[in-house]
Amino acid sequence: MLQKQVFQWNHATYDKHVTIYQDDQAASKACILYFHGGGLLYGNREDLPDRHLSEITRAGYPIIAFDYPLAPAAKLDIILEDVCASVNDYLQNVENYNGISLPYFLWGRSSGAYLCLLAAASNKLLRKPLAVLSYYGYGFLCDNWYQVPSRYYCKLPAVKESCLQATPQQMHAGGDLETHYSVYVYARQTGNWKNLIYDGREKFFLLNYSLRTCDRFPCPLFCAHATGDTDVPYTEFLELCNRFHAKRFIAATNLHDFDRDEDSHFTKRLLEATLTFMEEKLPANARYVGSREN
């Protein structure tokens, strides 16, 4: 049965929480450290569909979902530092995570996948993951798409710059659709997305916050993407896969987060492919933790 535990991280600058999902009847094989999507401007750590939670934990993979601070109150340097700190805290302080001491995968959806990719490539993690699971992620490998008005979002009613005043100015995690999603729409309509998440010169953005200078990815990579993705171009996915020899999952649909439809055959196949990939990447001498069943 799926168990959920939430605890608060004693963080100096914002209210940070962690959620642990675990099936208490399943022998644990490896942990998954999860980071949510939302363009770094909205979203929350508890956005995973129920089907994902139940099937993945039932297969023996506890999921630990972390908060991270959102832009524009926090910029990319602070956000990435926070993500790396979350991973390293798991590696160093297992007693804080229900005593789970296991190999780990990094998993993100959309901007969460981007953060996982950056973290894995940064050499700031105390131990590299078994693999990164990137659901419709990106590495800013292709030019322009992220800093020009999006044709898809420009079809929506125009959002004014004043939307920025509706979100907290202090550092915070968790951005509801009602208050924060309009900021993302504004960013994509105007082409100002990069300016909201990053302060500095283009040269250093590409050097420090893209994967363009990463010659070799440090661990295996699983990438899932839709051919008609409305947010991240399919060409970005192809470049990511080609550059780092990723295992690919392709959905022939015109959605970004296509797996939000739990009944879709794409979602069913995606979860099956994800579990197969993880099984293949488990170390041969993995020490499994028995179930809690008496």
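Refer to the structure presented above.
Below you will find a few notes about this structure. Computed from a prediction, not measured in an experiment: that's the story for all the values here.

What counts as what
- Along each chain, residue indices are assigned from 1 in the same order as the chain's sequence is written.
- Totals for whole chains, interfaces and linings use every residue, but because this is a predicted model, local features are given only for residues with pLDDT of at least 70 and side-chain atom pairs only at 80 or more, for both listing and counting.
- The basis for every side-chain value is the complete set of non-hydrogen atoms in the structure, without hydrogens or water.
- Axis angles are defined between N-to-C directions and span 0 to 180 degrees, where every axis is a line fitted to C-alpha atoms and, for a helix, only to the segment in contact.
- Strands are runs of DSSP state E lasting at least 2 residues, helices are runs of H or I lasting at least 4, and numbering of each runs from the N terminus.
- Should an angle lie under 35 degrees it is considered roughly parallel, over 145 roughly antiparallel, and from 65 to 115 roughly perpendicular; all remaining angles are considered oblique.
- The sense of a crossing depends on the near helix, which, turned anticlockwise from the far helix by less than a right angle, makes the crossing left-handed and, turned clockwise, makes it right-handed.
- Between two residues, a contact is recorded if the distance between any of their heavy atoms is within 4.5 Å.
- Gly falls in the polar group here, along with every residue not listed as nonpolar (Ala, Val, Leu, Ile, Met, Phe, Trp, Tyr, Cys, Pro) or charged (Asp, Glu, Lys, Arg).
- In this scheme Phe, Tyr and Trp rings, the latter by its six-membered ring, pair at centre separations within 6.5 Å, and the angle between planes marks the pair as stacked below 30 degrees, edge-to-face above 60, and tilted otherwise.
- Categorising residues by exposure relies on relative accessible area from a 1.4 Å probe, with only protein chains included: less than 20% of the type maximum marks a residue as buried, more than 50% marks it as exposed, and the intermediate range marks it as partly exposed.
- Whether a charge sits over a ring depends on NZ of Lys or CZ of Arg being within 6 Å of the ring centre and within 35 degrees of the ring normal.
- Any two strands with at least two DSSP-identified bridges between them are counted as paired.
- For a helix, the expected span equals 1.5 Å multiplied by the number of residues minus one.
- Our arc is simply the arc of the directions from the helix axis toward the C-beta atoms.
- As used in this structure description, the phrase polar contact means that two N or O atoms lie within 3.5 Å; if the pair is within protein, one of them must be able to donate a hydrogen and the other to accept it, and residues adjacent in sequence are counted only when both atoms belong to side chains.

1. Notes on the packing of helix H1 (residues 50-58) against helix H8 (residues 265-281)
Okay, step 1: Orientation of H1 relative to H8, taken along the N-to-C sense of each, is 30°, at an axis distance of 11 Å. On the basis of their axis angle, the class for H1 and H8 is roughly parallel. For the pair H1 and H8, the sense of crossing is right-handed. Counted together, Arg51, His52, Glu55 and Ile56 of H1 and Thr267, Lys268, Leu271 and Leu275 of H8 form the full contact between these two elements.
Okay, step 2: Along the lines of polarity and charge, the residues of the contact of H1 with H8 split into three nonpolar, two polar and three charged.

2. Here we look at the packing of aromatic side chains
Okay, step 1: Enumeration according to the criterion identifies 36 aromatic pairs in this entry.
Okay, step 2: Ring geometry for Trp107 against Tyr135: centres 5.3 Å apart, planes inclined by 70°, an arrangement best described as edge-to-face. Here the residue Trp107 occupies a position in strand E5 (residues 104-109), and Tyr135 occupies one in strand E6 (residues 132-135), the gap between them amounting to 28 residues. The same class applies to Trp107 as to Tyr135, namely buried.
Okay, step 3: The ring of Trp9 carries the charged tip of Lys16 above its face, separated from the ring centre by 3.9 Å.
Okay, step 4: Over the ring of Phe205 we find Lys194; its NZ or CZ atom is 5.3 Å from the centre of that ring.

3. Thoughts on the sheet that holds strand E4 (residues 63-66)
Okay, step 1: Across the sheet, eight strands lie side by side as E1-E2-E4-E3-E5-E6-E7-E8; this open sheet has mixed pairing. Unpaired on one side and paired on the other, strand E1 (2-9) and strand E8 (247-251) mark the two borders of the sheet. Going from strand to strand, the sheet's axes swing by 15° on average, the running direction of each strand aside.
Okay, step 2: Across five bridges, the pairing between strand E3 (residues 31-35) and E5 is parallel. Directly across from Cys31, in E5, lies its bridge partner Tyr104.
Okay, step 3: Packing of helix H2 (residues 76-92) onto the sheet brings it into contact with E1, strand E2 (16-23), E3, E4 and E5, and relative to E3 it is tilted by some 160°.

4. Let's talk about H8
Okay, step 1: For H8, which comprises 17 residues, the first-to-last C-alpha distance of 25 Å matches the rise-based estimate of 24 Å (1.5 Å per residue) to within 8%.
Okay, step 2: Looking only at H8, the buried set comprises Phe266, Thr267, Leu270, Leu271, Thr274, Leu275, Phe277 and Met278. Projected down its long axis, H8 carries its buried residues within an arc of 160°, all on one side.
Okay, step 3: Those residues of H8 that are buried lie in contact with E3, H1, E5, E6, strand E7 (221-226) and E8.
Okay, step 4: Two or three places before Phe266, at the start of H8, stands the capping residue Ser264, its side-chain oxygen 3.0 Å from that residue's backbone nitrogen.

5. Some remarks on the packing of H2 against helix H3 (residues 111-121)
Okay, step 1: Where H2 contacts H3, the two axes come as close as 10 Å, and the packing angle between them is 75°. Between H2 and H3, the angle is such that the two are roughly perpendicular. Where H2 approaches H3, its residues Leu76, Ile79, Leu80, Val83 and Cys84 are matched on the opposing element by Tyr114, Leu115, Leu118 and Ala119.
Okay, step 2: Its residues assigned to classes, the contact of H2 with H3 comprises nine nonpolar, no polar and no charged.

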